[in-house]
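Observations on chain architecture
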Amino acid sequence: MTSTPQRGNEIRDAFIHFFTRRGHTHVPSSSLVPAADPTLLFTNAGMVQFKDVFTGAETRPYRRAVTAQKCVRAGGKHNDLENVGRTARHHTFFEMLGNFSFGDYFKEAAIAYAWDFLTTEAGLPPGRLWVTIHEGDSRMGLGPDEEARSLWLRYVPAERIVACSTKDNFWAMGDTGPCGPCSEIVYDQGPTLGCGRPTCGVGCDCDRYLELWNLVFMQFERSAAGALTPLPRPSIDTGAGLERLAAVLQGVASNFDTDLLRPVIGLVEELCGQAYGRDPAKAVSMRVIADHARSTAFLIADGVLPSNEGRGYVLRRILRRGLRHGRLLGLDGPFMAKITRRVAEMMRGPYPDLAEAQEHVVRVTLAEEERFGHTLRVGLRLVESLVAEVKARGRAAIPGEEIFRLYDTYGFPVDLLRDIATDNGLTLDDAGFDRAMAEQRARARESWVGSGEAEIPASLKDLTRSVTVDGLWYAALGADARVVAVLVGEDQRPAEALHEGTTGEVVLDLTPFYPEAGGQVGDTGVLVAEGLLAEVEGTQRPVPGLVLHRVRVKRGTLRTGQSVRASVDAARRRMTAKNHTATHLLHAALRQTLGDHVKQAGSLVAPDRLRFDFTHFSPLTPQELDRIEETVNAQVWENRGVVTQVMALDDALASGATALFGEKYGEQVRVVSVPEFSTELCGGTHVAATGEIGLFKIVSQGGVAAGVRRVEAVTGPGAYQHVKREEQVLAESAARLKARPMELTEKVEKLAEASRDLEREVQRLQARLLGGTLERLLDNVLDVRGIRVVGALVEATDSKGMRELGDRVRDRLQSGVVALARQSDGKVTWVTMVTKDLVGRIHAGNLARDLAKLTGGGGGGRPDIAEAGGTDPARIPEALAKLPELVSGQLTR
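For clarity, every value in this text was computed on a predicted model and none was experimentally measured. (Residues numbered from 1 in each chain as written. Predicted model: local features only at pLDDT ≥ 70, side-chain atom pairs only at ≥ 80, totals over all residues. Heavy atoms only, no water.)

Notes on helix H6 (residues 242-250)
Basically, it comes down to this: In this scheme, a residue with accessible area under 20% of its type's maximum is buried, one over 50% is exposed, and one in between is partly exposed, where area comes from a 1.4 Å probe on protein chains only. Each helix corresponds to a stretch of at least 4 residues labelled H or I by DSSP, and each strand to a stretch of at least 2 residues labelled E; elements are numbered beginning at the N terminus.
Counting buried positions along H6 gives seven out of nine residues, so the element sits mostly inside the fold. Burial in H6 covers these residues: Leu242, Glu243, Leu245, Ala246, Ala247, Val248 and Leu249.

Describing the pairing of strand E31 (residues 787-793)
Cut-off, in case you're wondering: Following DSSP output, two strands are said to pair if at least two bridges run between them.
Bridging between strand E30 (residues 782-784) and E31 involves three bridges; their strand directions are antiparallel. Pairing of Leu782 across the sheet is with Val789, part of E31. Taking the residues that link successive antiparallel strands as the turn, the E30-E31 hairpin has two residues, and the phi of Arg785 there is positive, at about 50 degrees.

Concerning the sheet that holds strand E34 (residues 858-861)
How we decide: To obtain each axis, a line is fitted to C-alpha atoms, and for helices this fit is confined to the stretch in contact; angles are then taken between N-to-C directions over 0 to 180 degrees.
Pairing is mixed across the open sheet formed by six strands, whose spatial order is E30-E31-E32-E33-E35-E34. The strands lining the two open edges of the sheet, one partner per strand, are E30 and E34. When the angles between neighbouring strand axes are averaged without regard to direction, this sheet yields 20 degrees. The pairing of strand E33 (residues 827-834) with strand E35 (residues 865-870) spans six bridges and is classified as antiparallel. Paired with Val828 across the bridge in E35 is Gly870.

Things to note about the packing of aromatic side chains
Note on aromatic pairs: each is described by the distance of the centres and the angle between the planes. Selection criterion: Pairing of aromatic rings covers Phe, Tyr and Trp, the last counted by its six-membered ring, and requires centre-to-centre distances within 6.5 Å; plane angles under 30 degrees mean stacked, over 60 mean edge-to-face, and any other angle means tilted. Whether a charge sits over a ring comes down to the Lys NZ or Arg CZ being within 6 Å of the ring centre and within 35 degrees of the ring normal.
Per the stated rule, a full pass over the model turns up 26 aromatic pairs. Residues Phe18 and Phe19 carry aromatic rings whose centres are separated by 4.9 Å and whose planes lie at 80 degrees to one another, so their mutual orientation is edge-to-face. With a centroid separation of 4.3 Å and 15 degrees between ring planes, the pair formed by Phe93 and Phe298 is classed as stacked. Pair noted here: Phe93 is in strand E5 (residues 93-101) and Phe298 is in helix H8 (residues 280-301), with a separation of 205 residues, a long-range link. For the pair formed by Phe93 and Phe298, the shared burial category is buried. Connected via pairs of aromatic rings, a cluster forms that spans Phe15, Phe18, Phe19, Tyr105, Tyr113, Phe117 and Trp213. Over the face of the ring belonging to Phe18 we find Arg22, whose NZ or CZ atom lies 3.6 Å from the ring centre. The ring of Tyr474 carries the charged tip of Arg670 above its face, separated from the ring centre by 3.7 Å.

Focus: the confidence of the model for the protein
The criterion, for reference: The pLDDT value expresses, per residue, how confident the predictor is, ranging between 0 and 100. Here a residue-residue contact requires only that any non-hydrogen atoms of the pair lie within 4.5 Å.
Within the protein, residue pLDDT values average 89, and 94% of them lie at 70 or more. Contacts for the low-pLDDT stretch residues 448-454, under 50 throughout, to residues beyond four places or in other chains number 22 contacts.

Considerations on the pattern of salt bridges
Filter applied, for reference: Put simply, a salt bridge is a Lys or Arg side-chain nitrogen that is within 4 Å of an Asp or Glu carboxyl oxygen.
Under the definition given, this model contains 48 salt bridges. The partner of Arg22 in a salt bridge is Asp116, and the shortest N-O contact between them spans 3.4 Å. A residue pair is termed long-range when its members are at least 10 positions apart, and Arg22 in the loop between helix H1 (8-20) and strand E1 (25-26) and Asp116 in helix H3 (residues 107-121) qualify at 94 residues. Classification of Arg22 by relative accessible area gives partly exposed; the value is 25%. The partner of Glu867 in a salt bridge is Arg803, and the shortest N-O contact between them spans 2.4 Å. Of the two residues, Glu867 sits in strand E35 while Arg803 sits in helix H22 (residues 799-813), which places them 64 residues apart along the sequence. Three or more residues joined by partner-sharing salt bridges are found here, namely Glu749, Glu753, Arg756, Asp757 and Arg760.

Re empty space enclosed by the protein
So the rule is basically this: Here a cavity is any set of points on a 1 Å grid over the protein atoms alone where a 1.4 Å probe fits but cannot get out, and a pocket is any open set with protein on both sides within 12 Å along at least 5 of 7 lines; a residue lines the site when it has an atom within 4 Å of a point. Grid points are joined across faces, edges and corners, and a volume is the space filled by probe spheres set on the points. All residues other than Ala, Val, Leu, Ile, Met, Phe, Trp, Tyr, Cys, Pro, Asp, Glu, Lys and Arg, Gly among them, are scored as polar; the first ten of these are nonpolar and the last four charged.
Counting across every chain of the model gives one cavity of 30 Å³ or more. Taken as a whole, the largest cavity holds about 40 Å³ of empty space. Every residue lining the largest cavity is listed: Pro306, Val364, Ala367, Glu368, Arg371, Phe617, Ala706 and Gly707. For the lining of the largest cavity, the residue count by class is five nonpolar, one polar and two charged.

Some words on the pairing of strand E20 (residues 546-555)
Across a regular strand the side chains alternate sides, sitting on one face of the sheet and then on the other. The sheet contact formed by strand E17 (residues 503-508) and E20 spans four bridges and is antiparallel. Bridge assignment links Glu505 to a residue of E20, and that residue is Arg550. The pairing of strand E19 (residues 532-543) with E20 spans eight bridges and is antiparallel. The residue of E20 that forms the bridge with Thr539 is His549. Between the end of E19 and the start of E20, which pair antiparallel, lie two residues, with Gly545 showing a positive phi angle near 90 degrees.

Re the sheet that holds strand E25 (residues 643-648)
Taken together, the three strands give an open sheet; going across it, the order is E25-E26-E27, and neighbouring strands pair in antiparallel fashion. Looking at strand neighbours, the two that pair on one side only are E25 and strand E27 (678-681), the edges of this open sheet. Between one strand and the next, the sheet's axes are offset by a mean angle of 25 degrees, whatever the strand orientation. Where strand E26 (residues 668-674) lies against E27, four bridges are found, and the strand directions are antiparallel.

Remarks on the layout of surface pockets
A volume near 620 Å³ is recorded for the second largest pocket. What lines the second largest pocket is a set of 27 residues, among which Arg317, Arg321, Tyr407, Pro413 and Val414 lie closest to the centre. Elements supplying a minimum of two residues to the lining of the second largest pocket: helix H9 (310-328), helix H12 (358-392), helix H13 (400-410), helix H14 (414-423) and helix H15 (430-447).

Points about unusual backbone geometry
The backbone of Gln492 shows a phi angle near 50 degrees, a positive value even though the residue is not glycine. As for its placement among the helices and strands, Gln492 is situated in the loop between strand E14 (478-488) and strand E15 (493-495). At Glu676, a position not held by glycine, the phi torsion is positive, near 70 degrees. With respect to the element layout, Glu676 can be found in the loop between E26 and E27.

Next comes the structure, spelled out in structure tokens:
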């Protein structure tokens, strides 16, 4: 290179080119949603997509790799959320540059590459670079990493090599598996950025000594007992934060001042009309918004949607935290959608998938902003009632469990609640809130299942070495196979045999059974041999290269090592194939009809139906549903050939094939296409031509989550039966209404109009009744210690009518208390109301509770309005007689 890289994009490109020139394969960033990893919330390091390669469960056609990996740390073990904006380095979203060796080069080359890139390619002065090594650990039987020290002495003097503890300089993938010492490269930014203490050095909490690059030397295998065994082929995993490198090379003190983040902050300045850096508190808010906009954009582009659980809950917290900081800057309307658009525009070069999803990202963000606006409006009403209740009880602090309820259930910001409390002379029970948060986190840890898969026992991974899985299910519905293993129990322990009447899981050396994957259910069928009949009830693939057959032995005994004939249920497979191909046609038709923002968000392909979840923001209109159905059926009736090819992943994507969010693809992929209409990466089974589908019929649509719709459909015989059922219902309805089927619409409309006329008449009569009741109630107002009180048994049709009557009485009273009772079907309903000037002296919820108790029930509610129920209508007069005493009792307290 003719000059050292400085801009973020230049640094990223320089890093990748540096290593590709040295025999590394450039592997694109994987999704932020880890594929088939039960341990992670989000991809948080460059090595995540290579975990199976390091453990030996997966092989790749290369032994050297380089990546620029998008990462999020905002949940679980690695959670930087609360520190973001308050420091120069913390982020929820960042990019990690890394080079990897899978049993190829080791320490010497890794150290040489890192030193060469930083000093030659990036132009950093060698005299300002320090390094760390592992100091050793007697508990693990390890001495200092003298090999790394001797290699580093080629580049730096001994006084700039620092030995550090296992906590900082030893890395392990988990409690067992590959692990090894680390070596960090640290940049001395100079005393002006340090703490100034004489003891300041590598490891100090100040910003002077900045870690730039971590080199992990995977040279051991750790057993369950903790013993370390040298790996036969040691590997390398490295990680360097792009934002940190950019800050150093651009000569700025904070990552937020680099060209990767400063333009985003610039848009925040423009939107709020304030300059960055003048007010420290507002500068924090601007940094929070810039960081959180990046996380929001990339997470949504990778298929995560705001929700109340799992990854969606973390995204919602990130986004709403950004929105809260926007309000601190005076940004009361939607603004984050505009900032995510700026992020997508800035990052479109290295991440074209973000550019493709830009409109989807903007629409999801805007919808969540509008939802948060509603949350604030609802929350403020709840807070108003809560503050009044706390004051009425004479308390000085809002209870921690109530703070948590507002935060967790309604998303109401704690800092906003603190401001409101202060304005009302109250404080917050922070200790109680912290306890509730800790309990919630413990529940989340217990329920979190990562990507949704169970942890894979090591015994299953070991079985892959003796099994051949070669996609036989694409070519055959039957095969002669040998039983490699029999597994029983929830812990899948090996067994010698399964006897008649028992169930278990069976591994074959080869199989024609398609294992459940990609939304398609697994095959069923039978395993047979002389004297043996075992039904295969389902088929799964827990790890690459291994298929488990869930079997029930109907006759005989199934043994390890036995030869069997494996036969798939052919009719069930054919129906499943029809539905899978129809799913591809549906996906393409949705995109044609609704737009390119439509992305698959989940699916189920079964023999009797198909279900397809996709990103979209409103229910489909009848016209849209008709157009989608017609488009799919047009492809079916043209009987177009379905083409299947295996090709390189890059070639498949270049051809326009659709890849799915969160899926993990190998170097070679299977591409299924209906020429000129649909092309997708897919490992499922399909028909040979679209005509085999016969007929496609949508049976329902609905919402799954914010911004996600679901369509369910049937094909072939299932579609025919659905149409026949609809015809039968139509004929029966027509017969009941004494009309022909084609006259039903007109007949129903006439009945509906007659019903509307009757409803209008009922409403007119109710209004007359309500008016008379209102005047009767106001003629019987009680005076209880200077407070006007109305209590009565009324003849309202329902609770809504009671509330309407109560509202009118309260409005006419202007100041007072209302308590209305209603009896229906042996039940009692109470509605109580207190005018605003009396809230704090009289609590409507407590009054409703006390009245309900007198009639054999219970209930309660807000200080200003409440409802309760009872079971003894005969006691209503007694309860109403005690109403003045109950009101007076509250005034006394």
